[in-house]
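Each chain, written out:
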Amino acid sequence: MRTRSRISTADANRLGRSGKRAADQKAIANKIYGGDWGRTNLGNTQPNDGWDYRGSGPGQVTGRANFAKVEKESGLPVVANPDLLRQADSGMKAALILWQKWGLNEMADAGQTTAIRKRWNGGSLGLAEVKEARGRAMKLNLTVPTAAAAPTTPKPEMPPSATPTKKAGWLEVLMALCIALFPGRSK
């Protein structure tokens, strides 16, 4: 019997990494996220949906039905082009749109890590790690600069060598937060 968390030994031997052979990631994704379980839990209805709609983007959106939700909320055509969520710019854009539309910023301001985790992925798997990562991020004491009002008197120009470095913008702050939340990960 195959479940989401277990595939047969024969499938593992046939699809997994062995000696000089790389794992068949596409077949593994279709096996794990397809079939009856994938149709019921993820809305995967087509033979290649497990691979096409595998965990993608900063939020690791998984499944055709969840990609459709992201498309509806963000306006990005991710059902027809699931690779969009795997691209840094559009994947981050989708995640930030969902974050805003779902009111997660207000939850974050209130320290509601458990509620955010449940809203984002529907459960509490990995919650301890998320709370630990939030603690690390909070120690960074990052702030996002606000737009300053236009000065009423012109500032004297400084020579380029004396120009101070700019404050971190929202993207730099977000990247620092991601690095704090996901230390040691690449890709």
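Residues numbered from 1 in each chain as written. Predicted model: local features only at pLDDT ≥ 70, side-chain atom pairs only at ≥ 80, totals over all residues. Heavy atoms only, no water.

With that out of the way, let us pick up the overall build of the protein. Regarding its fold elements, the protein presents 10 helices and 0 strands. For the protein, buried positions account for 23% of its 187 residues. Within the protein, counting contacts between residues at least 6 apart in sequence, those at least 24 apart form 35% of the total. (Helix = DSSP H or I, 4+ residues; strand = E, 2+ residues; numbered from the N terminus. Buried < 20%, exposed > 50% of the residue type's maximum accessible area, 1.4 Å probe, protein only. Contact = heavy atoms within 4.5 Å.)

With that settled, the discussion passes to the pattern of salt bridges. Oppositely charged side chains can pair when the atoms bearing their charge come close. Under the defined criterion, the tally for this structure stands at 7 salt bridges. Here Arg 14 ties to Asp 11 by a salt bridge, and the two come within 2.9 Å at their closest N and O atoms. With Arg 14 and Asp 11 both in helix 1 (residues 9-15) and 3 residues apart, this pair spans about one turn of that helix. According to the relative accessible area criterion, Arg 14 is exposed, its value standing at 52%. (Salt bridge = Lys/Arg side-chain N within 4 Å of Asp/Glu carboxyl O.)

Each packed pair of helices is defined by two parameters, the angle between the axes and the distance between the axes. Here helix 8 (residues 113-121) crosses helix 9 (residues 127-139) at 125°, and the two axes come no closer than 10 Å. The angle between the axes of helix 8 and helix 9 places the two elements in the oblique class. The element helix 8 and its partner helix 9 pack so that their crossing is right-handed. Residues Thr 113, Thr 114 and Arg 117 of helix 8 touch helix 9, and the partners they reach there are Leu 127, Val 130, Lys 131 and Arg 134. Along the lines of polarity and charge, the residues of the contact of helix 8 with helix 9 split into 2 nonpolar, 2 polar and 3 charged. (Axes fitted to C-alpha atoms, helices over the stretch in contact; angles between N-to-C directions. Parallel < 35°, antiparallel > 145°, perpendicular 65-115°, else oblique. Left-handed = near helix turned anticlockwise from the far one by under 90°. Nonpolar A, V, L, I, M, F, W, Y, C, P; charged D, E, K, R; others polar.)

Below, the discussion takes up the side chain of Arg 54. Tracing the backbone shows Arg 54 in the loop between helix 4 (49-52) and helix 5 (64-74). Of the side chains with opposite charge, Asp 83 lies nearest to the buried Arg 54, which makes no salt bridge, at 4.7 Å. One polar contact links the side chain of Arg 54 to the main-chain carbonyl oxygen of Trp 51, over a distance of 2.6 Å. If we skip the residues at most four places from it in the chain, Arg 54 touches Asp 49, Val 61, Thr 62, Phe 67 and Arg 86. (Lys, Arg positive; Asp, Glu negative; His and termini not counted. Polar contact = N/O pair within 3.5 Å; in protein donor to acceptor, adjacent residues only side chain to side chain.)

Let us look at the side chain of Asn 44. Considering the arrangement of structural elements, one finds Asn 44 in the loop between helix 3 (35-42) and helix 4. Of the residues examined, Asn 44 reaches a relative accessible area of 3% and is grouped as buried. Within the local environment of Asn 44, its side chain forms a polar contact with the backbone nitrogen of Arg 64, the two atoms lying 2.8 Å apart. Beyond its immediate sequence surroundings of up to four residues, Asn 44 is in contact with Tyr 33, Gly 38, Arg 39, Asp 49, Gly 50, Tyr 53, Gly 63 and Arg 64.

Attention now moves to unusual backbone geometry. You will see that Gln 60, though not glycine, has its phi angle at about 50°, which is positive. Take Gln 60: it is sitting in the loop between helix 4 and helix 5.

In terms of nonpolar packing, the biggest core is built from 10 residues, these being Tyr 53, Val 61, Phe 67, Val 70, Leu 76, Val 78, Leu 84, Leu 85, Ala 94 and Leu 98. Ignoring sequence-local partners within four residues, the contact set of Tyr 53 consists of Asn 44, Val 61, Thr 62, Gly 63, Arg 64, Phe 67, Val 78, Val 79 and Pro 82. (Core = buried A, V, L, I, M, F, W, Y, C linked by side-chain atoms within 4.5 Å.)

What follows covers the packing of aromatic side chains. All chains considered together, the criterion is met by 3 aromatic pairs. When the ring of Tyr 53 is compared with that of Phe 67, the centres are 4.9 Å apart and the planes differ by 75°; the resulting orientation is edge-to-face. Here the residue Tyr 53 occupies a position in the loop between helix 4 and helix 5, and Phe 67 occupies one in helix 5, the gap between them amounting to 14 residues. Overall, Tyr 53 belongs to the buried group, its relative accessible area being 4%. Between Trp 102 and Trp 120 the ring centres are 5.5 Å apart and the planes differ by 70°, which places this aromatic pair in the edge-to-face class. Taken as a pair, Trp 102 in the loop between helix 6 (88-101) and helix 7 (104-109) and Trp 120 in helix 8 lie far apart in primary sequence, 18 residues in all. Its relative accessible area of 24% is what places Trp 120 among the partly exposed residues. Clustering of aromatic rings is evident, with ring pairs tying together Trp 99, Trp 102 and Trp 120. (Phe/Tyr/Trp six-rings, centres within 6.5 Å; stacked < 30°, edge-to-face > 60°.)

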